[in-house]
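# Observations on the three-dimensional arrangement
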Amino acid sequence: MFDLLQLYLSRQASSSWRYFLEYSLQALLGWVPTIVGIGLRAVLYKLILRSEGLAAIENQVRLRFADHIQLDQGVYLDQHVYLHACPNGIKIGRNSYVMYGTVLHVYNFRNLPRSGIWIGQDSLIGEYNVIRGQGGVTIGDRVYTSPLVQLLAVNHVYQDPSRSFVEQGITAEGIIIEDDVWIGAGAIVTDGVHVGQGAVIAAGAVVTKDVPAHMLVAGVPARVIKSISGEDMASMARQTIYFATS
C-alpha cells in the first residue's frame, strides 16, 4: 500500500510537500467561478506555479507539477483545461489562449531528454486539443489550432512481431510548429514532424512528414496541395473578410 501511495504521489507533484500545497490551493480556489475566481487564482496561484505577470485561469482547470508550469502575462486557460507538466515542464507565452477541454501532457517518467511543451506568444490552442510532449513540442508565435487537433510527440515501436509493442519501447523525436501556422479541425501531427512558417494544415489531415513553409497540406497521409503564394487573392476579393478589433 505504501509503495502504491508513493507511486501515485510521484506522478502528481515534485514532492509530497508540493502535492499537499498544490492540491490544497486548487481545492480551495479551483472551483470558484466568474471574475472573482479568476482574480483570486491570478494572484494566489503564483504560490504554486511560475508566472510572468498575471494569467487568467478559469474554474475547473487542473494543474499537475505546477512548479514546472510557466504562464506569461495575459495567458488564458479556459475551463476543464488539464496541464500535466512533469519535467521538463510547460511554458505558455504572452497573450496565448488554451481553450475548453484541452490537455497539455508532458508525463515524462522515462527521463526522455527533450520532453516539454513550449507555446509562443499570441497563439490559440483550440477546444479539446491533445498535446503530448514526451519528445518535446515547440509551438511558435501566432499559431492557431482548431478544435480536436492532436500533436503527438511520441510513438510506439512495433516492428518485431515476436514481441508485444509494449516491450519494444518508444521513440520521442519531437514536434516543431513554426510561427503563423494554422491547423484545421481534427488534424493530427505525428512525432518527428517539423511544420514550416506560414503553413496551413487542412481539417482532418494526418501529418507524418515535414511541411515546408507557406504550403497547404491535406489528406491521410497529408501531402502538399499547393503553395500559399498570393495567387488566390483575386478569388478572395469576392468574399467578406473580418478582422479582429482592438
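Shown above is the structure to which this text applies.
Criteria and thresholds
Residues numbered from 1 in each chain as written. Predicted model: local features only at pLDDT ≥ 70, side-chain atom pairs only at ≥ 80, totals over all residues. Heavy atoms only, no water. Helix = DSSP H or I, 4+ residues; strand = E, 2+ residues; numbered from the N terminus. Rg over C-alpha atoms; globule rule 2.2 N^0.38 Å. Buried < 20%, exposed > 50% of the residue type's maximum accessible area, 1.4 Å probe, protein only. Contact = heavy atoms within 4.5 Å. Areas by Shrake-Rupley, 256 points an atom, 1.4 Å probe, with all protein chains shown as cover. Pairing = 2+ DSSP bridges. 1 Å grid on protein atoms, 1.4 Å probe; cavity = no way out; pocket = protein on both sides within 12 Å on 5 of 7 lines; lining within 4 Å. Points joined across faces, edges and corners; volume = space filled by probe spheres on them. Arc of directions from axis to C-beta. Patch = residues over 30% accessible without salt bridge, like charges linked within 9 Å, V, L, I, M, F, W, Y side chains within 5 Å. Salt bridge = Lys/Arg side-chain N within 4 Å of Asp/Glu carboxyl O.

## Describing the overall build of the protein
Assigned secondary structure in the protein consists of four helices and 25 strands. Expected size for 246 residues packed as a compact globule is a radius of gyration near 18 Å; at 20 Å, the protein falls within 12% of this value. Overall size of the protein, expressed as C-alpha extent along the three principal axes, is 65 × 60 × 20 Å. Across the 246 residues that make up the protein, the buried fraction comes to 41%. Considering only contacts within the protein whose residues lie at least 6 apart along the sequence, 28% involve residues at least 24 apart. In the structure as shown, the protein presents an accessible area of about 13000 Å², 59% of it carried by carbon and sulfur atoms.

## Details of the pairing of strand β24 (residues 215–218)
In terms of strand pairing, strand β22 (residues 200–201) meets β24 through two bridges, oriented parallel. Each bridged residue has a counterpart across the sheet, and for Ile201 the counterpart in β24 is Val217. Examined bridge by bridge, β24 and strand β25 (residues 223–227) share four bridges and lie antiparallel to one another. Along β25, the bridge assignment pairs Ala218 with Arg223. Counted between consecutive antiparallel strands, the loop separating β24 from β25 contains four residues, among which Gly219 sits at a positive phi close to 105 degrees.

## So, the environment of Gly74
Position of Gly74 relative to the elements: it lies in the loop between β4 (69–72) and β5 (76–77). Gly74 sits in the partly exposed class, given a relative accessible area of 23%. Each C-alpha atom, one on Gly74 and one on Val98, is 11 Å from the other, the two residues being 24 residues apart in sequence. Those residues in contact with Gly74 that sit more than four places away from it in its chain are Leu54, Asn95, Ser96 and Tyr97.

## Thoughts on the sheet that holds β22
In space, the nine strands of this open sheet follow the order β2-β5-β8-β11-β14-β19-β22-β24-β25, with mixed pairing throughout. Looking at the sheet topology across the chains shown, the edges are occupied by β2 (56–57) and β25.

## Focus: empty space enclosed by the protein
To find the voids left in a structure, one rolls a probe of water-molecule size over its atoms. On inspection of all chains with the given rule, the structure shows one cavity of 30 Å³ or more. In terms of lining residues, the largest cavity is bounded by Arg41, Ala42, Tyr45, Leu49, Ser51, Leu54, Ala55, Ile57 and Leu71.

## A short note on helix α3 (residues 34–44)
Three- or four-residue spacings in an α-helix give side chains the same orientation, since the helix completes a turn every 3.6 residues. Along α3, the residues that are buried comprise Gly37, Ile38, Arg41 and Ala42. Buried residues of α3, seen end-on, are gathered within an arc of 135 degrees and therefore sit on one face of the element. Set apart from the buried face of α3 by more than 90 degrees, the exposed residues are Ile35, Val36 and Val43. Summarising the contacts, the buried residues of α3 are in contact with α2 (16–29) and β2.

## Let's talk about a nonpolar patch on the surface
A grouping of Ile35, Val36, Leu40, Val43, Leu44, Leu47 and Leu54 is seen on the molecular surface, where their side chains present a nonpolar patch of about 640 Å² in accessible area. Within the element layout of this structure, Leu54 appears in the loop between β1 (50–52) and β2.

## Here we look at unusual backbone geometry
Following Val220, the chain continues to Pro221 via a peptide bond in cis, the omega torsion being -10 degrees. Mapped onto the elements of the fold, Pro221 is located in the loop between β24 and β25. The phi torsion at Gln60 lies on the positive side, around 70 degrees, for a residue other than glycine. One can find Gln60 in the loop between β2 and β3 (62–64). Here Gln60 falls in the partly exposed class, since its relative accessible area comes to 37%.

## Overview of the pattern of salt bridges
Inspection of the entire model under this criterion finds three salt bridges. Across the pair Glu22 and Arg18 runs a salt bridge whose closest N-O atoms are separated by 2.8 Å. With Glu22 and Arg18 both in helix α2 and four residues apart, the pair spans about one turn of that helix. The class of Arg18 is buried, set by a relative accessible area of 12%. Measuring nitrogen to oxygen at the nearest pair gives 2.7 Å for the salt bridge that ties Asp180 to Arg142. Placement of Asp180 in the loop between β18 (175–177) and β19 (182–183) and of Arg142 in the loop between β13 (137–139) and β14 (144–145) is noted, with a sequence separation of 38 residues between them. Using a relative accessible area of 31% as the deciding quantity, one classes Asp180 as partly exposed.

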